[in-house]
Amino acid sequence: MINLGTFIEHYGYIAIFIILLLGIIGLPLPDEILLTYVGYHVFLGTMSLKYSLITAIIGSIIGISISYLLGLKLGLPFIRRFGPKLKITEKRIEWAQNSFKAYGGFFLIVGYFLPGIRHITAYLAGMTTYRYFSFTLFASIGAIIWTTTFILLGVFLGNNWTIVGNVFHQTSNIIWIAFLALLIYFYIRANRAK
């Protein structure tokens, strides 16, 4: 975080854009802490709230769009080629496509708030050929809500912005455990259906 903080201090809005774009594509960067840190700089008066939000939203939307295109171009051919070795059948691919068509908007918006999940939702959207217009709409709504929430949180916390880092470190472990439990549940349920 110190290096990212220094990067933001030196390059400002360009740094916010680059870090969020790469973080959304999948690099393991602490996006929530970064956004809260940006909010802290808004609190200090060294950055503008308006330009911070615009830059963060654009970086997030472009990053998630690149992930969608990668999923669209590479995901399904990869799964069709190597899926049978991983016991991913056409039936399961069809189930994933139908699920994303039904709940994709929810996955895209809520996925932003789940560390690790936001990186996967865009790839899944592309892989399941989720409509690009719907993807763009829900991904943009999610980006606006997510970036605004954490930048404003940094502004409101002021000098106590580091609290977010501690909270996210603890809650992300709980989120991952819950997510893994959910995956295990669906895996067992799918095998019982066979």
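Our subject is the structure that appears above.
This one's a predicted model, so the numbers in the text were calculated from it and none came from an experiment.

Which parts of the structure should I look at to understand a nonpolar patch on the surface?
On the surface, a nonpolar cluster with roughly 580 Å² of combined accessible area is contributed by Y51, I54, I58, I62, I66, L70 and L74. Position of L70 relative to the elements: it lies in helix α3 (residues 49-82).

What is the right way to look at helix α4 (residues 90-111) in this model?
Because each turn of an α-helix spans 3.6 residues, side chains separated by three or four positions in sequence point in the same direction. With 22 residues, α4 should cover 32 Å at 1.5 Å per step; its first-to-last C-alpha distance of 25 Å lies more than 12% under that length. Approximately 75 degrees is the largest bend angle found in α4, and it occurs at Y103. Within α4 the residues assigned to the buried category are I93, Q97, S99, F100, G104, G105, L108 and G111.

Help me understand helix α6 (residues 132-157) in this model?
Along its 26 residues, α6 runs 37 Å from first to last C-alpha, staying within 8% of the 38 Å computed at 1.5 Å per residue. If you check which residues of α6 are buried, you get S134, F135, A139, S140, G142, A143, W146, T147, F150, I151 and G154. G158 sits one or two residues past α6 and shows a positive phi near 60 degrees.

What am I meant to see in the packing of helix α2 (residues 31-44) against α6 here?
If you want to describe how two helices pack, look at the angle between their axes and the distance between the axes. Look at α2 against α6: their axes get within 6 Å of each other, and the N-to-C directions meet at 50 degrees. Comparing their axes, α6 and α2 come out oblique. Crossing of α2 against α6: the hand is right-handed. Facing α2, whose interface residues are D31, E32, L35, T36, V38, G39, Y40, V42 and F43, α6 presents W146, T147, F150, I151, L153, G154, V155 and L157. Classifying every residue of the contact of α2 with α6 by side-chain character gives 11 nonpolar, 4 polar and 2 charged.

I tried to follow the packing of α4 against α6 on my own but got confused; where do I start?
Closest axis-to-axis distance for the α4/α6 pair is 8 Å, and the angle between their directions is 25 degrees. Regarding the angle of α4 to α6, the classification is roughly parallel. Relative to α6, α4 is oriented so that their crossing is right-handed. Contact residues: α4 offers G105, L108 and I109, while α6 offers F135, F138, A139, I141, G142 and I145. Residues of the contact of α4 with α6, tallied by class, amount to 7 nonpolar, 2 polar and no charged.

Mind showing me how you'd approach the packing of aromatic side chains here?
To describe a pair of aromatic rings, one takes the distance between the centres and the angle between the planes. Inspection of every chain in the model, using the stated rule, returns 11 aromatic pairs. Residues Y68 and F135 carry aromatic rings whose centres are separated by 4.4 Å and whose planes lie at 25 degrees to one another, so their mutual orientation is stacked. Taken together, the residues span a long stretch of sequence, with Y68 in helix α3 and F135 in helix α6 at a distance of 67 residues. Like F135, Y68 is buried. A ring pair is formed by F113 and F150, whose centres lie 6.2 Å apart and whose planes are at 35 degrees; its orientation type is tilted. Separated by 37 residues along the polypeptide, F113 in the loop between α4 and α5 (117-127) and F150 in helix α6 bring together distant segments of the chain. Classification of F150 as buried rests on a relative accessible area of 5%.

Sorry, what's going on with the nonpolar core here?
Ranked by internal contacts, the top residues of the largest apolar core, which has 31 residues, are I8, L20, L35, I64, Y112, F135 and W146. Counting only elements with at least two residues in this core, the list comes to α1 (2-25), α2, α3, α4, α5 and α6. Considering each element in turn, this core owes the most residues, 7 residues, to α1. Sequence-distant contacts of I64, that is, excluding residues within four places in its chain, are made with I24, Y112, A122, F135 and A139.

How each quantity is defined
- Along every chain, residues carry numbers that run from 1 in the direction the sequence is written.
- Local features are withheld for residues below a pLDDT of 70 in this predicted model, meaning they are given only at 70 or higher, and side-chain atom pairs are given and counted only at 80 or more; totals for whole chains, interfaces and linings count all residues.
- To get the side-chain values, all heavy atoms of the structure are used, and hydrogens and water are removed first.
- Two distance rules govern patches: like charges are joined within 9 Å, and nonpolar side chains (Val, Leu, Ile, Met, Phe, Trp, Tyr) within 5 Å, applied only to residues with over 30% relative accessible area and no salt bridge.
- The protein chains shown are the only cover counted for residues, whose accessible areas, like all others here, come from Shrake-Rupley with a 1.4 Å probe.
- We define a salt bridge as a side-chain nitrogen of Lys or Arg found within 4 Å of a carboxyl oxygen belonging to Asp or Glu.
- A helix here means a DSSP run of H or I that spans at least four residues, while a strand means a run of E at least two residues long, and both kinds are numbered starting from the N terminus.
- In this analysis, the expected span of each helix is defined as 1.5 Å times one less than the number of residues it contains.
- Fitting one axis to the seven residues ending at a residue and another to the seven starting there, the bend at that residue is the angle between the two axes.
- Think of it in three bands: residues with accessible area under 20% of the maximum for their type are buried, residues over 50% are exposed, and the middle band is partly exposed, with areas taken using a 1.4 Å probe on protein chains only.
- Lines fitted to the C-alpha atoms define the axes, with helices restricted to the stretch that makes contact. Angles between their N-to-C directions range from 0 to 180 degrees.
- The scheme is simple: roughly parallel for angles under 35 degrees, roughly antiparallel for over 145, roughly perpendicular for 65 to 115, oblique for anything else.
- The hand of a helix crossing depends on one turn: near helix anticlockwise from the far one by less than a right angle means left-handed, and clockwise means right-handed.
- A contact between two residues is defined here by any heavy atoms of the two lying within 4.5 Å.
- Polar here means any residue outside two lists: the nonpolar Ala, Val, Leu, Ile, Met, Phe, Trp, Tyr, Cys and Pro, and the charged Asp, Glu, Lys and Arg; Gly therefore counts as polar.
- Any Phe, Tyr or Trp ring, taking Trp's six-membered ring, that has another such ring centre within 6.5 Å forms a pair; planes under 30 degrees apart are called stacked, those over 60 apart edge-to-face, and the others tilted.
- By nonpolar core is meant a set of buried Ala, Val, Leu, Ile, Met, Phe, Trp, Tyr and Cys residues that side-chain atoms within 4.5 Å join together.

Interpretation in functional terms is not warranted from these geometric data alone.
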